Amino acid sequence: MSKKGRYSPELKDKIFHEEFMPHIDALYNFAYHLTYDEENANDLVQETYMKAFRFIDSYDAGTNAKAWLFKILKNAFINEYRKKSKKPTKVDYEDFIGYQDNEENSRVEYVDLRHEIFSGMIGDEVTKALNSLPVDFRTVILLCDVENFSYEEIAKITDIPIGTVRSRLHRARNMLKEKLKSYAKTMGYQ
Amino acid sequence: MKCLLSREECQALMDRVYLALDGALSGEEEKAVFCEVEKYPCCVEKIEIEKKYRSILIDACRCKSVPDALIQSIKKQVSGLMDGNSF
């Protein structure tokens, strides 16, 4: 539904600076962990804010700017990723939905960690493990565990059902923890 | 530490714990879950480790500061659009 001309220029400016700009750090970190490249993260964030301003009339002032912006960024990333794919007709199942995301699969047990794993681990090692996950798994961990979005917000940002959000989170967390455990074992932390 | 619960019971409890940690439960439900967990020391330890793991993950993932040049570029472009009255 078109809401063009909804806000005056002054109100648009106010919304942009007071509601949109405060989330730039979070957006930048999200973009960085999607692309794993500073220059691409810069471009993605810039594109997100330009789109946000262009379509500001479709945003309800005073509501959930952060979720709205994250959705724009996620969609921009998907579009850019597909464009850059060398074989656009071939789906990369490693990165996209090659897993059976349904609630039945969430009956997999939880991977347990131990205190010793963290004793020597540093941030770079954690992000390395995170960045080795398929992008859809990485995304839900970033949105839930880092940015504290609710399941409902994540479902809207990623355009997947809430049940799929939960099962994907479960799998992603287990996968990340397995990587951390095996890394810790290699380094002698446990 | 051996769990006092069966594997199925432990998994069911941890399912609710994760919902609580993810903010998916009401205040009352969350309180009830953590009260339940208090009875099982091995589960309490799992939660402590999970919280530690999440804290490390957050610190690791929020390590990048947005470049000031990017902020200025965005503000300049928006200002340009506003002045151009494209809307």
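Residues numbered from 1 in each chain as written. Chains lettered and ligands numbered in written order. Predicted model: local features only at pLDDT ≥ 70, side-chain atom pairs only at ≥ 80, totals over all residues.

1. Observations concerning the overall build of chain A
Our working definition: Numbering goes from the N terminus for both helices and strands, where a helix is a DSSP run of H or I of at least four residues and a strand is a run of E of at least two. Exposed residues have 12 or fewer other C-beta atoms within 10 Å of their own C-beta, buried residues have 20 or more, and residues in between are partly exposed; the C-beta atoms are placed from the backbone. Contacts are defined on C-beta atoms placed from the backbone: any two residues whose C-beta positions lie within 7 Å are in contact.
When its secondary structure is counted, chain A shows 8 helices and 0 strands. The order of α-helices and β-strands along chain A, N terminus first, is α-α-α-α-α-α-α-α. The burial tally for chain A puts 35% of its 190 residues in the buried class. By sequence separation, contacts in chain A at least 24 residues apart represent 75% of the contacts at least 6 residues apart.

2. Concerning the interface of chain B and chain A
If you look at the interface, chain B gives 30 residues, while chain A gives 32 residues. Mapped onto the side of chain B that touches chain A, the elements with two or more residues apiece are α1 (7-21), α3 (41-61) and α4 (68-84) of chain B. The element contributing the most residues to the side of chain B that touches chain A is α3 of chain B, with 11 residues.

3. Structural notes on the packing of helix α7 (residues 151-158) of chain A against helix α8 (residues 162-187) of chain A
To characterise two packed helices, one gives the angle between the axes of the helices and the distance between these axes. Residue and element names in this part refer to chain A. Threshold: To get an axis, fit a line to the C-alpha atoms, keeping to the stretch in contact for a helix; angles then go from 0 to 180 degrees between the N-to-C directions. An angle below 35 degrees is read as roughly parallel, one above 145 as roughly antiparallel, one from 65 to 115 as roughly perpendicular, and any other as oblique.
With their axes 9 Å apart at the nearest point, α7 and α8 run at an angle of 100 degrees to one another. On the basis of the axis angle, α7 is roughly perpendicular to α8. Between α7 and α8, the residues in contact are Tyr 151, Glu 152, Ile 154 and Ala 155 and Ile 162, Val 165 and Arg 166, respectively.

4. A few points about α3 of chain B
All names here are of chain B. Here is the rule we go by: To estimate how far a helix should reach, multiply one less than its number of residues by 1.5 Å. Think of it as the arc spanned by the lines of direction from the helix axis to the C-beta atoms.
Taking 1.5 Å of rise per residue, 21 residues should cover 30 Å, and α3 covers 30 Å from first to last C-alpha, within 8% of that figure. When α3 is considered as a whole, its buried residues turn out to be Cys 43, Lys 46, Glu 50, Tyr 53, Leu 57, Ala 60 and Cys 61. Looking straight down α3, one finds its buried side chains confined to an arc of 105 degrees; they lie on one side. The outward face of α3, more than 90 degrees from its buried face, is lined by the exposed residues Pro 41, Glu 48, Lys 51 and Ser 55.

5. Concerning the domain arrangement of chain A
Residues and elements named next belong to chain A. Note the following rule: All the domain ranges listed were derived from an automatic or database domain assignment. Think of it as three bins: nonpolar holds Ala, Val, Leu, Ile, Met, Phe, Trp, Tyr, Cys and Pro, charged holds Asp, Glu, Lys and Arg, and polar takes everything else, Gly as well.
Per the domain assignment, the segments of chain A are domain 1 (9-84) and domain 2 (103-187). Each side of the interface is counted separately: domain 1 has 9 residues, and domain 2 has 12 residues. Every element with two or more residues in the side of domain 1 that touches domain 2 is listed here: α2 (24-35) and α4 (65-84). Partitioned by chemical class, the residues of the side of domain 1 that touches domain 2 number 6 nonpolar, 1 polar and 2 charged.

6. Let's talk about the nonpolar core
As a rule of thumb, nonpolar side chains are buried together in soluble globular proteins. All names here are of chain A. How we decide: For the purposes of this analysis, a nonpolar core is taken to be any set of buried Ala, Val, Leu, Ile, Met, Phe, Trp, Tyr and Cys residues that are connected through C-beta atoms within 7 Å.
Counting residues in hydrophobic clusters, the biggest one holds 52 residues, and the most contacted among them are Leu 27, Ala 31, Leu 69, Leu 73, Val 140, Ile 141 and Ile 154. With 8 residues, α4 is the largest single contributor of residues to this core. Domain assignment of the residues forming this core places at least three in each of domain 1 (9-84) and domain 2 (103-187). When neighbours within four sequence positions are excluded, Ala 31 is seen to be in contact with Ala 41, Leu 44, Val 45 and Leu 73.

7. Re the environment of Tyr 183 of chain A
Residues and elements named next belong to chain A. When you line up the elements, Tyr 183 lands in helix α8. Placed 168 residues apart in sequence, Tyr 183 and Ile 15 show a C-alpha to C-alpha distance of 45 Å. For Tyr 183, the contacting residues outside a window of four places in its chain are Glu 125 and Ala 129.

8. Some details on the confidence of the model for chain B
Residues and elements named next belong to chain B. How we decide: The predictor reports its confidence for every residue as pLDDT, a score running from 0 up to 100.
Chain-level pLDDT for chain B is 88 on average; 95% of the residues reach the 70-or-more range. Confidence, expressed as mean pLDDT per element, reaches its minimum in chain B at α3 with 87 and its maximum at helix α2 (residues 27-37) with 94. Interface scoring of the predicted complex returns ipTM 0.86; its pTM is 0.85.

9. A short note on the packing of helix α6 (residues 135-146) of chain A against α7 of chain A
Residue and element names in this part refer to chain A. Put simply, the rule is: Crossings are classed by handedness, with left-handed meaning an anticlockwise turn of the near helix from the far one by less than a right angle and right-handed meaning a clockwise turn.
As a packed pair, α6 and α7 sit with axes 10 Å apart at the nearest point and diverge in direction by 140 degrees. Overall, the two elements α6 and α7 adopt an arrangement that is oblique. For the pair α6 and α7, the crossing hand works out as right-handed. Residues Thr 139, Val 140, Leu 143 and Cys 144 of α6 touch α7, and the partners they reach there are Ile 154, Ile 157 and Thr 158. Grouping the amino acids of the contact of α6 with α7 by side-chain chemistry returns 5 nonpolar, 2 polar and no charged.

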